[in-house]
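# Examining the three-dimensional arrangement
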Amino acid sequence: MQMWQKLIIVAALTTLIVMAGTIVFFNNFAKRRLIISTTTSLYDTGLLEAVEKDYEAKHPSVDVNIISAGTGIAIEHAKNGDADLILVHSPVQEKIFLEENWGVNRKIIAYNYFTIIGPQADPAEISGKTANEVLDRIVAYGDSLADQSGQTKIWISRGDNSGTHAKEKSLWTAAGYDYAVISAKPWYANVGSGMGHTLNVANQLSVYTIADIGTYLKFYSEGTISLPSLVTEEESLLNVYSVMAVNPDMHKHVNYDDAMNFIAYLASPETQQFIGNYGKSDYGQSLFYGTVQPLKDKAPQPIVGWIQSAAFIEGSECPPQYRNGSAELYG
Amino acid sequence: MTGILDGIIEALELIITGDPVLYGAVFNSLFFSGVAVILAALWGLPIAMLLALKNFRGKTVIQTFFNSLIGVPTVALGLFLFLIFSREGLFGFLGLIYTPAVVIIGQAVLITPIIISIATTALEAVDPEIINLARTLGASESQASIAVMKEATNGLLLSGVASFNRAIAELGVVLIVGGNIVGLTDVLTTAIAQHTAIGNLGLAIALGIILMVIVFSINAFIVLARKIKTLFYGLNIPIFNLEGKNHENSL
């Protein structure tokens, strides 16, 4: 046998050993992996990292692995079976996800608001207006610009199929615009990435964008960005976060037990309080609010009513056919 | 501007105090890229030997193929590997997606063409008389190959270093198939991207400094090795024998 042939055999064996070693390690010796694919806002604010630490301290045999990608990609991960659990904020996409049987046991765990931010000088005069008026004024201002060559941008979009992007699209539709027309306007820019990156770009270019209030407040109070928030909280800007486990009937290998345990943990009063208090001391206000107790108490109104109309599916946070025998979660 | 200054100060603090997230990413980077180079060398060397020492039909085609693979965008390779290793993919049943193994394999695949290309050139540069000489002296085929490899040591080392640099500076593959999971598959490049995006400038700068230090030290080592080689030229230590000369002595 020639030298290069021997070497090829050695190379093939080494490769096999590396792969086999990893498989054996993760199946037998490592902690149980719980892979969470999440919207960027929960991760970029630091909330999920704090929750992960707390959960791992209470469940030492579980290793929580977080992949922060945005709602659209999180749902794709779940469909591929590459995640055990997803944390997302796009009720329309979640409904389809459940209906296609990819996910089970949806639980609404938190809410906050989207906000629209922009330059201090506010050339489009959107300050204090409702979302519909804001978009009208953005369009009027954009169309009135002298430079329509595409060099001057005034609005930045996530453009990544995330929950925030879905919200932006639905706001344009609600305001009576065709999103395809709007997104083709020369003053409309699309960055195709996470909330943090989008905020940085908006700040550098000093333009308008929509952001979840959690990520925005973290960036603003730490001085990373200086664009002020120009609108106030209102129903159309409500932002509702949900958790879902990947359906074990669709992907046999998923870590369903730990996923369900994690969902119950998120919905527990202690974690709900933890979520509600997160960031209060650093940012002067809560970044997120727990939903489990308000939904149970049907108070405070009108927020509970807003959550129900924005994020309920068939009148429930998770219709019975998608509960996979975990009725106690919805008691 | 003050933000950037604060970031640099915070970065130095993190480096000095031994921040666990920072050094976790440093360790992962060195470990993944190091193992990837070893794997890629194991794959690449036999192919390089074949290309350098044998003549067969289609040799130029294969050589051109590997040379053009050097320029493949890492994100494209990342996507390709994701499609293969995702649970729905061809090797999905292995469950390797988002593990260090798939990052290492991905980086190894990425740098194999570099190793092959540089190593082939190095092996080709060895005087063909060497192999004949070895044979006449009664060396077996394997012994003759080893003699050629010894002559090309410097070129082979260079291929390893160049590919290590490429692996450690790479973002696309490790981000897509590794998922940037903190403490598991986060490396210097993915952590820089993540922490820049979420406004942790201090940590991002610290990571950047360390990445630069690693890459510069490796290149400095190469330059230094060449300098030492000229110093000790008379001693003819094969490892510093860049031009593959003096083979009569080293045989």
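Each value, and the rule that gives it
Residues numbered from 1 in each chain as written. Chains lettered and ligands numbered in written order. Predicted model: local features only at pLDDT ≥ 70, side-chain atom pairs only at ≥ 80, totals over all residues. Heavy atoms only, no water. Helix = DSSP H or I, 4+ residues; strand = E, 2+ residues; numbered from the N terminus. Buried < 20%, exposed > 50% of the residue type's maximum accessible area, 1.4 Å probe, protein only. Lys, Arg positive; Asp, Glu negative; His and termini not counted. Salt bridge = Lys/Arg side-chain N within 4 Å of Asp/Glu carboxyl O. Polar contact = N/O pair within 3.5 Å; in protein donor to acceptor, adjacent residues only side chain to side chain. Contact = heavy atoms within 4.5 Å. 1 Å grid on protein atoms, 1.4 Å probe; cavity = no way out; pocket = protein on both sides within 12 Å on 5 of 7 lines; lining within 4 Å. Points joined across faces, edges and corners; volume = space filled by probe spheres on them. Nonpolar A, V, L, I, M, F, W, Y, C, P; charged D, E, K, R; others polar. Axes fitted to C-alpha atoms, helices over the stretch in contact; angles between N-to-C directions. Parallel < 35°, antiparallel > 145°, perpendicular 65-115°, else oblique. Left-handed = near helix turned anticlockwise from the far one by under 90°. Phe/Tyr/Trp six-rings, centres within 6.5 Å; stacked < 30°, edge-to-face > 60°. Domains from an automatic or database assignment. Buried area = accessible area lost by both parts, 1.4 Å probe.

Residues and elements named next belong to chain A. Tracing the backbone through its elements, the reader meets glutamate 168 in helix 7 (residues 163–174). Lacking a salt bridge, the buried glutamate 168 has arginine 158 as its closest oppositely charged neighbour, with an N-O distance of 8.3 Å. At 3.0 Å, the side chain of glutamate 168 forms a polar contact with the side chain of tryptophan 155. Only 2.9 Å separates the side chain of glutamate 168 from the side chain of tryptophan 172, close enough to count as a polar contact. Excluding residues that lie within four positions of it along the chain, glutamate 168 makes contacts with Trp155, Ser157, Arg158, Tyr179, Tyr188 and Ile210.

What follows is about the pattern of salt bridges. All names here are of chain A. The tally for this structure, following the rule as stated, stands at 9 salt bridges over all chains. Arginine 158 is the partner of aspartate 160 in a salt bridge, and the nearest nitrogen-oxygen pair spans 3.1 Å. Since its relative accessible area comes to 3%, arginine 158 is described here as buried. Taking the shortest distance from any N to any O, the salt bridge between glutamate 222 and lysine 218 comes out at 3.4 Å. For glutamate 222, a relative accessible area of 41% puts it in the partly exposed group.

The subject of this paragraph is the environment of Ile138(A). Residues and elements named next belong to chain A. Secondary-structure assignment places isoleucine 138 in helix 6 (residues 131–144). Considered as a pair, isoleucine 138 and proline 91 are 47 residues apart in the sequence and their alpha carbons are 26 Å apart. Once residues lying within four places of it in the same chain are set aside, the contact partners of isoleucine 138 are Ala124, Ile126, Ile154, Trp155, Trp172, Trp187 and Tyr208.

Below, the discussion takes up the layout of surface pockets. Reported here for the largest pocket is a volume of approximately 900 Å³. In this structure, the largest pocket is lined by 32 residues; those nearest its centre are Ser68(A), Ala69(A), Ile73(A), Gly194(A) and Leu175(B). At the level of elements, helix 2 (40–44), strand 2 (62–68), helix 4 (71–80) and helix 9 (195–205) of chain A together with helix 4 (74–85), helix 9 (172–178) and helix 10 (188–197) of chain B are the ones that each hand at least two residues to the lining of the largest pocket. Sort the elements by how many residues they give to the lining of the largest pocket and helix 10 of chain B lands first, with 5 residues. Across the lining of the largest pocket, the residue classes tally to 16 nonpolar, 14 polar and 2 charged.

Attention now moves to the packing of helix 2 (residues 20–53) of chain B against helix 3 (residues 59–69) of chain B. Residues and elements named next belong to chain B. As a packed pair, helix 2 and helix 3 sit with axes 10 Å apart at the nearest point and diverge in direction by 135 degrees. With respect to each other, helix 2 and helix 3 are oriented oblique. Both helix 2 and helix 3 take part in a crossing whose hand is left-handed. On helix 3, the residues touching Ile47, Leu51 and Ala52 of helix 2 are Lys59, Ile62, Gln63 and Phe66. Looking at the contact of helix 2 with helix 3, its residues break down into 5 nonpolar, 1 polar and 1 charged.

Another point: the packing of aromatic side chains. All names here are of chain B. Applying the stated rule across the entire model yields 15 aromatic pairs over all chains. Aromatic side chains phenylalanine 27 and phenylalanine 31 sit 5.7 Å apart centroid to centroid with 5 degrees between the ring planes, which places their arrangement in the stacked category. Placement of the pair is phenylalanine 27 and phenylalanine 31 together in helix 2, with a separation of 4 residues, close to one helical turn. Classification of phenylalanine 27 by relative accessible area gives exposed; the value is 52%. For phenylalanine 31, a relative accessible area of 40% puts it in the partly exposed group. With a centroid separation of 5.9 Å and an interplanar angle of 35 degrees, the aromatic rings of phenylalanine 85 and phenylalanine 91 are classed as tilted. Owing to a relative accessible area of 34%, phenylalanine 91 belongs among the partly exposed residues under this scheme.

Our focus in this paragraph is the domain arrangement of chain A. Residue and element names in this part refer to chain A. The domain boundaries assigned to chain A delineate domain 1 (3–113 + 239–330) and domain 2 (114–237). The distance between the C-alpha centroids of domain 1 and domain 2 comes to 28 Å. Each side of the interface is counted separately: domain 1 has 20 residues, and domain 2 has 24 residues. Taking both partners together, domain 1 and domain 2 bury about 1800 Å²; carbon and sulfur atoms supply 57% of that area. When the buried area of domain 1 at its contact with domain 2 is split by residue, Asp44, Tyr113 and Tyr283 rank highest and sum to 35% of it. Between the two partners, domain 1 and domain 2, sit 0 salt bridges. Where domain 1 touches domain 2, the interface holds 9 residue pairs in polar contact (both at pLDDT 80 or more). Elements with a minimum of two residues in the side of domain 1 that touches domain 2: helix 2, helix 4, strand 4 (103–117), strand 8 (238–246) and helix 15 (303–311).

Size of an interface: often given as the accessible area lost when the parts come together. Residue-level contacts link 36 residues of chain A with 36 residues of chain B. On inspection of chain A and its partner chain B, the count reaches 8 residue pairs in polar contact (both at pLDDT 80 or more). For the side of chain A that touches chain B, the secondary-structure elements that each account for two or more residues are helix 1 (3–29), strand 1 (32–38), helix 2, strand 2, helix 4, helix 9 and helix 10 (213–221) of chain A. For the side of chain A that touches chain B, the leading source of residues is helix 1 of chain A, giving 14 residues. Class assignment for the residues of the side of chain A that touches chain B results in 16 nonpolar, 14 polar and 6 charged.

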